[in-house]
Each structure stands twice: as structure tokens, then as C-alpha cells.
2 protein chains.
Amino acid sequence: MDRVYNFNAGPSALPLEVLQEAQAEFLNYKGTGMSIIEMSHRSPEYAAMHAETKALLRELMGVPEDYEILFIQGGGSLQFLMTADNFLNGKAAYVNTGVWAKKAMAEAKRFGEAYEAASSADKNHSYIPTDLQIQPGTAYLHLTSNNTIYGTEWQDFPEVDVPIICDMSSDILSRPVDVTKFSLIYAGAQKNLGPAGVVIVIVKKAFLETARQDLPPMLSYQNYAANDSLYNTPPVFAIYMVNKTLHWIKRQGGVAAIAAHNKEKAQLIYDVIDASCGFYRGHAEPASRSLMNITFNLPTAELEKDFIAEGKKRGFVGIGGHRLVGGCRVSAYNAVTVEACRALADFMKEYQNKHA
Amino acid sequence: MDRVYNFNAGPSALPLEVLQEAQAEFLNYKGTGMSIIEMSHRSPEYAAMHAETKALLRELMGVPEDYEILFIQGGGSLQFLMTADNFLNGKAAYVNTGVWAKKAMAEAKRFGEAYEAASSADKNHSYIPTDLQIQPGTAYLHLTSNNTIYGTEWQDFPEVDVPIICDMSSDILSRPVDVTKFSLIYAGAQKNLGPAGVVIVIVKKAFLETARQDLPPMLSYQNYAANDSLYNTPPVFAIYMVNKTLHWIKRQGGVAAIAAHNKEKAQLIYDVIDASCGFYRGHAEPASRSLMNITFNLPTAELEKDFIAEGKKRGFVGIGGHRLVGGCRVSAYNAVTVEACRALADFMKEYQNKHA
């Protein structure tokens, strides 16, 4: 079977083993005589998988017992709304690191004051700002840990006196993170965790108690927590694929081992960029470089178009940049192999030699 | 491979062919070298599947061009909220046919007056009320076309002068329906359409124009329509499985042919109930009987427990009743075969002969 080198920005590559396991038991989950997607979410088999998924996430990320783990539909975009609707009491601080951060802030403005604690807009979000201005009476600080469009990523999270809410959609489980620094973490599954259709929310119980009480059940974190994310039918298949992906991460040696792989993978590409004498120009400033999304330009738009087309012929998929930055973007999420990155690095060098 | 007779109430049985097709191409969708869940929702391959799914639904249900078809996450429960949030201007009428109708009405009360146009609460929702009281100034009438817990189903929809919003989660595509009678239809996929994780919304464009304008994007039907349900990453896998299920319905001969099968299937079970001299007692009044969910009791709770356990040994899964009605419930959604229903009917007769 011909599988391509998949560098899609999301939805994106999943571990081949995970896909193969899901495929093998697709008609008969653990001897039940049914597909996992044909069974009741109140069945003991589903319940066991649901609980195991939370336990694996707790183990792999080191989530303390005083945090809840929730599964919610609607993607990061619904989280932009829910975080503010649940927790914006008065005003909240947002770090504007690009499109997704701005979308989160736009939703927050419906519920109170949402101000920019810092911004990288002055340089088309090519860096992570470090000087944050937190105003008194701030309910929370919202961060976007990794910015897929620009290829920037927080290297160290800021030390502040207010609760931190963090959108980790595009780098969750890619590196060790101290969960206790955050009051709420959310992450759409479709980069590092599984298919589109479920968001993981990790929320500190003490913070959860401060949430608004009068919300509709489908927008209330407290309701999800009170019902173990089973107030209504959960997105079974997406959670199931997250479960398999977490098992895979564990088999790789856990998050620390995954992080080492990710570093090696990104370095292969960044090394080509840095040694290219300006043929490849990285968008992100080196100190803010993402290990997940590597963004760069070629000397001309024509060369970029040709590079992407030529790459596609060689089996490299998803390397076109986002329209806001242009150029190229290589997404090297957890499931992308070192081999894929090495093959791409070799292609980049070859391409440069031919066209420089 | 041992597949059971799956009578789950939802998530529920899917057509074996659909599962087999999805399994076969799970690692490589149409020669792309990727799984459908690994590819960008902006890719031409995804876009083609997305458009085809809408076209198939339009064709099979006879959805006119002046209706939009949307894909939304969050299940029917989020629709309870969204329908009212978008359209409840003043007051709205709800027909209380049980738990799900009541949940929809509870959400509506956040946005205005929601009153009962009729109710079947007096007889534990064993029938569909026909005498509706619609007050002047009513924004819409909300119906639940099929009531899974009680096994009741609207046979003919009421003729009223106000827009009708209908929750068809548990009987969509099970029988021909005149879409033009409705201003908005919504249906969670996990009964007749696919796995949990996506809701189909069919909404009349003229009605959509009357929706509130100031809603958050993730709660605004207008936003979904303006972006062809691609404002953010859609639940790709769920939509893909809906696509395959729609193809399967078409291969069966379309909705009319499916409806004939469904009638035959339900009749097999109802005939056993009606000929059982009271050993099996149907919960729903005959004139309101659902073709999707057949609810009944045995003479004692002990016999019910034994019947369900004995059934499970014979490979009949999911025949326990909902706790609000008790007894047994057989869900015979589109994908449940005539053979499965015949086997269950035979078992019911055999069980009665042994225990009556």
C-alpha cells in the first residue's frame, strides 16, 4: 500500500499502527460483535474505553487528581466561546499571537472586557512576545501555545498571578508540560491526538467551581464534569481514536520520548533552512520556532509553487503555507516519522541545489 | 466473523456494507495515500465528499433548493439550544412527547416563552397527541418526530400556520417525509445516518434569514450556511460515514424502499406482541406506534430480566428498555435487517411458549 509523506496542518497524519489497529477491529470491537461506533455509550465496553482514555491522558501528561478531564464537541472554536462564557467575569487578558488567539479574544468580548496583554502583530506574528502587561482584576490570561499558521510556539510559559487558560490544540502531548501551571487546557484532537470531532479539556477543579452557574448544559464545563462528559452521546469514534493514539504514545516511551523525536524531526528541516544561505527563509524568529509547524519561504512565489508541486510528485503532501503567511508550511506532528522529515530535508537540499 | 443482532437504541447498528467499505479504505482514501481522517478539510478530496453528502441527502429526502443543508457538532442537545437561540422571538410552541421534547423546551425557556401546545404526559407518553393549541404570535412549533424511549412516532404531521422545527434524530430517512412542511429539520446521525458526532440540519433559507444576527459563530445557523459548514474543522469521519450510509440507502432503492423494509421489520415484532394474549404488552398505543423503537413489557420484572439475558445469549443485543419505561425496547433502525427482526420474533414466540 502506498502511503504518502503526510505533512498536513490538521487534520493530519495519525500513527500507522493506530490506523491499522482501528481497521482490524472496525467490524467487531473486542469480541462484542459490533463496531465501536455501533454500541451504546452507556455500555460497559464503551464506559471502560472512556475511562481508560482519561486515565491514559492523566498518566501521560501528569494531570493531577484535582483536575477534571472532559471530552467536548465543537472544536477549538467552541472553546473560544465556552472559556469566556464560563470564566470571563469582568475582564480577561489575551496574548495576540495570531489568528486563533484573535478569534478567542473576539468571542471573549461578548462577555466582558478582553484586552491584549501582549501582541506580535507588529511582525506578522513571527515571534512569541515575552513582555506581558496584566491588569489588576483580570479573571484569566489566555494563551495559544503553538501558532500553526506562523510556526511559532511558546518555549517557556509566563509566570503570572492569574489563572492561565491555554489553547494547546496544535502541540498537546508533543512535549512535557507542567499542567499545574494552567487552570484550563483545551486541545482539538485533530493534530496530535486523533481525528477531528473532539476537544480534550483539562480543568482545575477549584477553577471549575468559579464558572458561571446558569449556562445551558451544552456550554457548561460544570455540566460536562458532573456527567463525566456523558450528558449526551459523546463523539465515540473520535474518543476511541484518541485512546489508541495515547496507547501509541505510551509505547513510544511517553511524552519525553515523543518530544525528543519531535526535536530531531524539526531540526532536520530547520537545519536545511539555516544552511540554505537564504534560499529557504524561515518565517518564525529562531527563539520562537515551533517544533510542530515549520514555516518558510523560497526566493519567489513561482519557486514556491513549483517546490510544492514537485514535492507532491515525490509524495510530500500538505506543504503549502497558509494564505496569511504564504510560502510553505511543514507540519511535523507526533505521528509524522523521522524518516518522513529526513526524506523531506533531502528533497529540500536537492531542490535548492537545482534552483539556487 | 461473529456479528451480533444489534438492536441498540443509539449509537446503533450500521449497514455491514458501509462498515466494510470504510474498513477497506481506512488507510488509503481513494488513492490519496492517506486515511480520510488524515486529510485537510480544505483538500479537493474532502470537498468533493462533503458536497456529495449534501447532494445525496438532497436527492434522497427531496430537499428543495431553497433549503440549506448543514453539518453541526454537539448532538441533538446543542440543537435544543440553537433552535431557540436562533429563532425564539417572543414565544414558541412545544409538543411534549417525552424526555427529549422536554429538554428542547427547557432550553427554549432561556430565550422567551416556551409553552406546551399539547402533551402526552398524562399517559407516560404512550401516544402522540393530535389536538394542538397554537397561540397567536408563536414563532415556531417544535416537534419530536419519533420518541425513542416510549416507542411513539408521529404518523402524520400537523397542519399549522407557524413554522415547524422538527427533531428527526431517530427516524430521519426511515420513511418519506415532505420536507416543505418544515422550516427546520435536525437529526443526530447516530441512529439512521452514521456514528455519533454530527447533526444534519435542513433549514429553509427564508426561515434562516429570520434568525438572530448577533450570535457567536459556533451557535449561528447563518454562519454555518455562509461557510458551507466549514467555518472550522468539521467532524470529517462522521460526515464520511453519513456519505457512505446515504449511498447504501440509495442502493437499497431509496427512502421508499427503506420504509417498506422498516414496516415489515416492525410488523414482525408487533405481530408477536399482538398475538401474545398479553404476555408481551406494548407501551405505545397502536395508532402511535414507532417503526424505529418497539417498546413492551413482559408479565413481571423478573421475566423481563431473564428475557433480556436469554436474548443476549442468543446474540440479541440492546433489547433492554429505558429506565423511564422499563421492560424491553427493540430498536429497528434502517440498518437492522429483516433477518434480525425475524430471528428476534421467533425468539419472542419461543420464549413466550416456554414461560407463559
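Everything quoted here is computed from the prediction, not taken from an experiment.

Caption draft 1: Region of the structure containing the sheet that holds strand S14 (residues 328-331) of chain B. Residues and elements named next belong to chain B. Ordered by their spatial adjacency, three strands build an open sheet running S11-S12-S14, and the pairing between neighbours is antiparallel. Either end of the sheet is taken by a strand with one partner, and the two such strands are strand S11 (281-282) and S14. Both S11 and strand S12 (residues 293-297) contribute to a ladder of two bridges, which runs antiparallel. When the bridges of S12 are listed, Gly282 appears paired with Phe296. Those strands touched by helix H8 (residues 255-274) are S11 and S12, and its axis lies near 15 degrees from that of S12.

Caption draft 2: Representation of the packing of H8 of chain B against helix H10 (residues 338-355) of chain B in the model. Residue and element names in this part refer to chain B. Where H8 meets H10, the closest approach of the two axes is 9 Å, and the angle between their N-to-C directions is 0 degrees. Here H10 runs roughly parallel to H8, going by the angle between their axes. Where H8 abuts H10, its residues His261, Glu264, Lys265, Leu268, Ile269, Val272 and Ile273 lie against Val338, Cys341, Arg342, Leu344, Ala345, Met348 and Lys349. Across the contact of H8 with H10, the residue classes break down as nine nonpolar, one polar and four charged.

Caption draft 3: Seen up close, the packing of helix H1 (residues 16-24) of chain B against helix H7 (residues 236-252) of chain B. All names here are of chain B. Running from N to C, H1 and H7 point in directions that differ by 135 degrees, and their axes come no closer than 9 Å. Considering the angle they form, H1 stands oblique to H7. Crossing handedness for the pair H1 and H7: right-handed. When H1 is examined against H7, the residues Glu17, Val18, Leu19, Glu21 and Ala22 are found in contact with a partner set consisting of Tyr240, Met241, Lys244, Thr245, Trp248 and Arg251.

Caption draft 4: Quick peek at the relation of the copies chain A and chain B. Mapping chain A onto chain B leaves a residual RMSD of 0.0 Å; the transformation is a rotation of 180 degrees accompanied by 0.0 Å of translation along its axis. Given the turn and translation reported, the copies of this chain are related as if by a two-fold rotation axis. The share of interface residues of chain A whose copies in chain B are also at the interface is 100%, consistent with both copies meeting through the same surface.

Caption draft 5: Geometry of the interface of chain A and chain B. The interface of chain A with chain B comprises 57 residues on the first partner and 57 residues on the second. Overall, the association of chain A and chain B removes approximately 4500 Å² of surface from exposure, summing both partners, and the carbon and sulfur fraction of that is 60%. Taken together, chain A and chain B are joined by two salt bridges. Put simply, Arg3 of chain B and Glu38 of chain A hold a salt bridge, and the shortest N to O gap is 2.6 Å. Where the side of chain A that touches chain B is concerned, the elements lending two or more residues are helix H1 (16-24), helix H3 (75-87), helix H4 (99-108) and helix H7 (236-252) of chain A. Residue contributions to the side of chain A that touches chain B peak at six residues, all from H1 of chain A. Its residues placed into classes, the side of chain A that touches chain B shows 30 nonpolar, 20 polar and seven charged.

Caption draft 6: Here's a closer look at the side chain of Ser40 of chain B. Looking at the secondary structure, you find Ser40 of chain B in the loop between H1 and helix H2 (44-61). Beyond its immediate stretch of four places on either side in the chain, Ser40 of chain B contacts Asn8 and Pro11 of chain A together with Tyr46 of chain B.

Caption draft 7: Examining the sheet that holds strand S3 (residues 91-96) of chain B more closely. All names here are of chain B. Strand order in the open sheet formed by seven strands is S2-S10-S9-S8-S5-S3-S4, and the pairing between neighbours is mixed. Of all strands in the sheet, those with a lone pairing partner are strand S2 (67-72) and strand S4 (113-119), marking the two edges. Recorded for the sheet is a direction-independent mean angle of 20 degrees between the axes of neighbouring strands. For S3 and strand S5 (residues 138-144), the ladder comprises three bridges, and the chain directions are parallel. Among the inter-strand pairings, Lys91 is bridged to a residue of S5, identified as Thr138.

Cut-off values and rules
Residues numbered from 1 in each chain as written. Chains lettered and ligands numbered in written order. Predicted model: local features only at pLDDT ≥ 70, side-chain atom pairs only at ≥ 80, totals over all residues. Heavy atoms only, no water. Pairing = 2+ DSSP bridges. Helix = DSSP H or I, 4+ residues; strand = E, 2+ residues; numbered from the N terminus. Contact = heavy atoms within 4.5 Å. Axes fitted to C-alpha atoms, helices over the stretch in contact; angles between N-to-C directions. Parallel < 35°, antiparallel > 145°, perpendicular 65-115°, else oblique. Nonpolar A, V, L, I, M, F, W, Y, C, P; charged D, E, K, R; others polar. Left-handed = near helix turned anticlockwise from the far one by under 90°. Least-squares fit on C-alpha atoms with pLDDT ≥ 70 in both. Buried area = accessible area lost by both parts, 1.4 Å probe. Salt bridge = Lys/Arg side-chain N within 4 Å of Asp/Glu carboxyl O.

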